[in-house]
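Overview (structure and organization)
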Amino acid sequence: MSSENSSADDVQRVWDVVVVGAGPAGASAAYAAAVAGRSVLLLEKAELPRYKTCGGGIIGPSRDALPPGFELPFRDRVHAVTFSNNGRFTRTRRSKQMLFGLINRPEFDQQLVEHAQKAGAELRTGVTVQRVEQHGSAVPDRRTVAVFLQGGETLFARSVVGADGSASRIGAHVGVKLDQVDLGLEAEIPVPQTVAEDWKGRVLIDWGPIPGSYGWVFPKGDTLTVGVISARGEGAATKRYLEEFVGRLGLAGFEPSVSSGHLTRCRADDSPLSRGRVLVCGDAAGLLEPWTREGISFALRSGRLAGEWAVRIAEAHDAVDTRRQALNYAFAIKAGLGVEMSVGKRLMTAFERRPGLFHAALTGFRPAWNAFRDITRGSTSLAEIVRTHPMAQRALTALDRSPVAGGEVSS
């Protein structure tokens with residue numbers, strides 16, 4: 001066959017939806033679009049399964065957003081949380097029912113991708129997307145997006161979902177604006193059976209020495225995931241916090257199997273979620289909870305919405321219809337996840353100033369612990385609590401007004 005014919009054949013294949021990135025957001029988008037009966041191509045630059053820096057906590061909203069029949073590969077089920085304030089004032093709170101489960105991301109992500117494939121999505125790994133174009137000589141018509149791969153190949157789609165993580169190329173195309181950038185450092189530490197037994201079913205959350213920082217220990221069988229997170233720009237202090245945290249826990253003698261770092265990025269309020277026939281979701285859109293920096297539930301929920309709306313955009317016949325569907329997607333994101341993010345942002349601002357107050361509330365004030373328990377279990381959300389509980393509204397308003405200068409930095 002001549003090269004002329006083969007390029008004509010290439011032009012003929014137009015996918016309904018191309019999803020860039022096969023993490024929780026991308027796999028959810030691919031699943032949602034494939035279940036709707038559309039042709040879906042899922043692109044991933046790594047080979048799967050692959051490691052991701054992530055605590056791996058699966059809270060209620062994440063469970064609720066999974067495909068039907070999805071069996072969570074839990075490494076542990078959490079019934080107790082130990083809170084400490086920079087290593088002091090330690091107190092453990094317990095729950096009869098499971099608070100949340102812990103997974104290893106390589107297994108979890110792989111399973112999500114397999115569900116998308118079973119629904120009909122096609123997967124290509126080891127593929128790097130360099131850029132997308134919606135206008136110009138490479139694009140055959142106004143209903144098509146050209147996806148340029150490293151190595152010279154070009155794919156065509158009626159709509160594209162960018163789920164390519166916090167350093168997203170698709171996010172750059174859309175013009176995503178970021179507001180809060182944090183550095184997470186994490187170590188996977190294999191431990192002897194005796195140490196593992198001590199942590200079984202219990203996590204630790206430590207409010208850290210840097211404003212807005214905290215650390216965690218998540219047990220996963222014979223390995224502890226130990227990490228800290230704080231604002232970017234505090235790299236040396238964050239590294240020191242992790243070293244001191246590990247030392248304080250008596251884990252300094254154990255060699256980590258993996259040590260890694262990752263930047264998390266929260267979107268600005270006015271950041272776009274689409275451009276033409278291209279949508280972004282998950283980390284690529286800067287969607288995560290600003291206080292806890294929990295991202296898996298935001299990835300799963302925004303990914304599913306992006307997949308559903310990508311199908312509608314693929315069916316749109318003109319720019320007006322495309323724009324309408326894209327605005328509907330943005331509205332769906334802002335009405336749910338956006339409201340949660342705005343409450344989380346207010347909590348983060350207050351937490352940066354008064355971590356001791358948060359610690360005292362969670363360890364000594366039952367309604368605060370009950371709220372934490374219900375949010376992690378998924379029976380309510382942060383936004384819902386603030387909306388329906390006058391006491392929570394008053395507390396948040398009081399925290400908003402609490403003084404910055406000369407205020408408490410730590411207790």
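Our subject is the structure that appears above.
A short tour of the structure in this document, coming up. Once a new chain begins, its residue numbering starts again from 1 and follows that chain's sequence as written. Given that this is a predicted model, residues contribute local features only at a pLDDT of at least 70 and side-chain atom pairs are listed and counted only at 80 or more, while totals for whole chains, interfaces and linings are drawn from all residues. Values reported for side chains reflect all heavy atoms of the structure, with hydrogen atoms and water molecules removed beforehand.

1. Focus on the sheet that holds strand β7 (residues 100–102)
At least two bridges found by DSSP between two strands are what make those strands a pair. Secondary structure elements are defined from DSSP: runs of H or I of at least 4 residues count as helices, runs of E of at least 2 residues count as strands, and each element is numbered from the N terminus. Spatially, β3-β7-β4 is the arrangement adopted by the 3 strands of the open sheet, whose pairing is antiparallel. Every other strand in the sheet has two partners, leaving β3 (57–58) and β4 (76–78) as the edge strands with one partner each.

2. A short note on the pairing of strand β11 (residues 154–162)
Type-normalised accessible area, obtained with a 1.4 Å probe on protein chains alone, sets the label of each residue: buried when under 20%, exposed when over 50%, and partly exposed for intermediate values. With 8 of its 9 residues buried, β11 lies for the most part within the structure. Pairing of strand β10 (residues 145–149) with β11 involves 4 bridges; the strand directions are antiparallel. Within β11, the position partnered with A146 by the bridge is F156. As paired strands, β11 and strand β18 (residues 278–280) are joined by 3 bridges and run parallel to one another.

3. Some thoughts on the layout of surface pockets
Site definitions follow a grid-based scheme: protein atoms alone, a 1 Å grid, a 1.4 Å probe that fits but cannot get out for cavities, and for pockets an open set with protein on both sides within 12 Å along at least five of seven lines, plus lining residues having an atom within 4 Å of a point. Grid points are joined across faces, edges and corners, and a volume is the space filled by probe spheres set on the points. Computed from the structure, the second largest pocket encloses a volume of approximately 290 Å³. Around the second largest pocket, the lining residues are Q134, H135, R142, R143, H173, R275, G276, R277, H317, D318, A319 and T322. Three classes are used, and their members are as follows: Ala, Val, Leu, Ile, Met, Phe, Trp, Tyr, Cys and Pro are nonpolar, Asp, Glu, Lys and Arg are charged, and the others, Gly among them, are polar. Of the residues assigned to the lining of the second largest pocket, the class counts are 1 nonpolar, 6 polar and 5 charged.

4. A closer look at the pattern of salt bridges
The working definition used for a salt bridge is a side-chain nitrogen of Lys or Arg within 4 Å of a carboxyl oxygen of Asp or Glu. According to the stated counting rule, one finds 19 salt bridges in the structure shown. Of the charged contacts in the structure, one is a salt bridge between R158 and D141, with a shortest N-O distance of 3.9 Å. Of the two residues, R158 is situated in strand β11 and D141 in the loop between β9 (129–133) and β10; the sequence distance between them amounts to 17 residues. In this structure, R387 and E384 form a salt bridge, with 2.9 Å as the shortest nitrogen-oxygen distance.

5. A word on helix α13 (residues 390–401)
The α-helix advances 3.6 residues per turn, and as a result positions three or four apart in sequence lie on the same side. Between the first and last residue of a helix there are one fewer steps than residues, each counted as 1.5 Å, and that sum is the expected span. The end-to-end C-alpha distance of α13, which contains 12 residues, comes to 17 Å, matching closely the 16 Å that a straight helix rising 1.5 Å per residue would cover. Among the residues of α13, A392, L396 and L399 are the ones counted as buried. Take α13 and look down its axis: the buried residues cluster within an arc of 60°, on one side only. Exposed side of α13, more than 90 degrees from the buried face: P390, R394 and R401 are the residues found there. In this description, contact between two residues means that some pair of their heavy atoms is separated by no more than 4.5 Å. Buried residues along α13 sit in contact with α9 (319–353), α10 (355–364) and α12 (382–388). It is the directions from the helix axis to the C-beta atoms whose arc is reported.

All quantities given are derived from atomic positions and should not be read as evidence of function.
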